[in-house]
Amino acid sequence: MTPLSRFRKNINYGQFRTAVLLGIASIPFTFGINWVLTPDPVSATPVFIASIISGYLYQSQPIKGTHAGVVTGLTGGIPIILWQSGVTVVDWWGHSILVDAVGDSWLMVISSVGAGVATLGIMTVVIMVIGVIGGFIGEWMNNRMDRTPTLGSEA
């Protein structure tokens, strides 16, 4: 079974349902922080916090917290990924150096869209790394905070 088909199976049977819901729940906070409070820089803080929570919740389940963090990060990071890709296309489209180099031709369209696609790929990897780090921190927190005694240990 390939990793992608395993991932689809886990999504379909609801094992990542909480991770997806946490990612969706972080989207309004992402909009609020990025485009209402501070429209210039992009912050993935809500996605990171949701990934930490997801990693914490999934530590006690058969799925690793880092995997749940990636799912949460990708789900909650969709607005950031799409926004940054669109901003890149718009910025490249009217950039004076690009216009001087290729003129107002189809090469400008190709280079602008290519930059947007490259940004989409790069931002997807960045959001996945944020999810892995958040999920790892959540796992670590669960291991440190879980005080249930194991068999054979004395209280």
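Residues numbered from 1 in each chain as written. Predicted model: local features only at pLDDT ≥ 70, side-chain atom pairs only at ≥ 80, totals over all residues. Heavy atoms only, no water.

A closer look at the environment of Ala-118
Working step 1: Tracing the backbone through its elements, the reader meets Ala-118 in helix H7 (residues 106-145).
Working step 2: Residue classification places Ala-118 among the partly exposed residues on the basis of a relative accessible area of 40%.
Working step 3: Separated by 33 residues in the primary sequence, Ala-118 and Ser-85 have C-alpha atoms spaced 8.1 Å apart. (Helix = DSSP H or I, 4+ residues; strand = E, 2+ residues; numbered from the N terminus. Buried < 20%, exposed > 50% of the residue type's maximum accessible area, 1.4 Å probe, protein only.)

Comments concerning the confidence of the model for the chain
Working step 1: Confidence in the prediction of the chain, expressed as mean pLDDT, is 82, and 79% of residues score 70 or more.
Working step 2: Averaged pLDDT values for the elements of the chain fall to 63 in helix H1 (residues 3-12) and rise to 92 in helix H3 (residues 45-58). (pLDDT = per-residue confidence, 0-100.)

A closer look at the environment of Gly-94
Working step 1: Within the fold, Gly-94 resides in the loop between helix H5 (78-93) and helix H6 (96-102).
Working step 2: On the basis of relative accessibility, which here comes to 57%, the residue Gly-94 falls in the exposed class.
Working step 3: C-alpha of Gly-94 to C-alpha of Met-108: the two residues are 14 residues apart in sequence and 8.7 Å apart in space.

Some remarks on the side chain of Thr-72
Working step 1: Along the chain, Thr-72 falls in helix H4 (residues 65-76).
Working step 2: A residue is classified by how much of its surface remains accessible, and Thr-72, at 0% relative accessible area, is buried.
Working step 3: Discounting chain neighbours no more than four positions away, the residues touching Thr-72 are Ala-19, Leu-22, Gly-23, Val-47, Ala-50, Ser-51 and Ser-54. (Contact = heavy atoms within 4.5 Å.)

Describing the side chain of Thr-30
Working step 1: With respect to the helices, strands and loops of the structure, Thr-30 is situated in helix H2 (residues 17-37).
Working step 2: If we skip the residues at most four places from it in the chain, Thr-30 touches Trp-35, Pro-46, Val-47, Gly-76 and Ile-80.

A short note on the environment of Trp-140
Working step 1: Mapped onto the fold, Trp-140 is located in helix H7.
Working step 2: Among the residues examined, Trp-140 registers a relative accessible area of 46% and is labelled partly exposed.

Quick notes on a nonpolar patch on the surface
Working step 1: Where nonpolar side chains cluster on the molecular surface, the patch consists of Ile-49, Ile-53, Tyr-56, Leu-57 and Met-145 and spans about 440 Å² of accessible area.
Working step 2: In this fold, Leu-57 is placed in helix H3.
Working step 3: Assessed through its relative accessible area of 39%, Leu-57 is described here as partly exposed. (Patch = residues over 30% accessible without salt bridge, like charges linked within 9 Å, V, L, I, M, F, W, Y side chains within 5 Å. Areas by Shrake-Rupley, 256 points an atom, 1.4 Å probe, with all protein chains shown as cover. Salt bridge = Lys/Arg side-chain N within 4 Å of Asp/Glu carboxyl O.)

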